Amino acid sequence: AYIHSNGLETYVQLGLVWDKASTRAYVKNNLFFNLKYNDAAFVKLAYDATEAKDLNRLIELDNECNALKSAQEVRVGSQKLGLRVFKIFSLHIEDELIEAWNQLIQTKQSKNHYAIIYGMMTSLMNIPLKEALYAYFYNAANGIVINAVKLIPLGQLDGQDILFNLIEDIEKLSQEALNIDEDKIGICSVA
């Protein structure tokens, strides 16, 4: 997941992201105005569906997530990462949902988006939802910062400082994502 920059290249090329301050703003906006209403929302909903052992809801969420990822690169990247995560963790978890989802994979009836698989696996591993969301947001922020350090370039200390200064924001986002308004899923306004 660390190779996905969430469109940072375009912002750098346009001169909109060029230093530590503009990078921090880009990361923060991406978390609050994109990820919160897209992948993090799907993590939360997939987690809940897994808790309820609702395979049909998981399939529905996977299809909705697929429909919202209009850019092919983003869609395929999410699917490949989700499938990898499923293959890794399904070897260590015994559950009827794992078996059922594996059948969907074998029959090519699932899209396997990362957010859906992540929500499913964290639920099955009994990771508290807020902690799972925190890790999801932090990992996304970390991926963007890693790319910014290389692309802009920024110093590694600048990158670490950006992440450190996002801790309270990530805590807030993790709390807010627990009660996401499903009518807002899919909105995106990074800029």
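Computed from a predicted model, the values in this text were never measured in an experiment. (Residues numbered from 1 in each chain as written. Predicted model: local features only at pLDDT ≥ 70, side-chain atom pairs only at ≥ 80, totals over all residues. Heavy atoms only, no water.)

> Describe unusual backbone geometry, naming the residues involved and giving the relevant values.
Backbone torsion omega between Ile152 and Pro153 reads -10°, so that peptide bond is classified as cis. Within the secondary structure, Pro153 is located in the loop between helix H8 (129–151) and helix H9 (156–165). Within the chain, Lys108 stands out as a residue other than glycine whose phi angle is a positive 55°. Tracing the chain through its elements places Lys108 in the loop between helix H6 (96–106) and helix H7 (114–124). (Helix = DSSP H or I, 4+ residues; strand = E, 2+ residues; numbered from the N terminus.)

> Lay out helix H5 (residues 72–90) with the relevant residues and their values.
Counted at 1.5 Å a residue, the expected span for H5 with its 19 residues is 27 Å, and the 26 Å between its end C-alpha atoms agrees. All of the buried residues along H5 are Gly77, Ser78, Gln79, Leu81, Gly82, Val85, Phe86 and Ser90. Looking at the buried positions of H5, the neighbouring elements they touch are helix H4 (55–68), H6 and H7. (Expected span 1.5 Å × (residues − 1). Buried < 20%, exposed > 50% of the residue type's maximum accessible area, 1.4 Å probe, protein only. Contact = heavy atoms within 4.5 Å.)

> I'd like a description of the packing of H5 against H6, backed by residues and values.
Geometry of a packed helix pair, given as the angle between the helix axes and the separation of the axes. Relative to each other, H5 and H6 sit at 140°, their axes nearing to 12 Å. Compared by their axis directions, H5 and H6 come out oblique. Judged by the sense of rotation from one axis to the other, the crossing of H5 with H6 is left-handed. Listed contacts from H6 to Leu83, Phe86 and Ser90 of H5 are Ile98, Trp101, Asn102 and Ile105. (Axes fitted to C-alpha atoms, helices over the stretch in contact; angles between N-to-C directions. Parallel < 35°, antiparallel > 145°, perpendicular 65-115°, else oblique. Left-handed = near helix turned anticlockwise from the far one by under 90°.)

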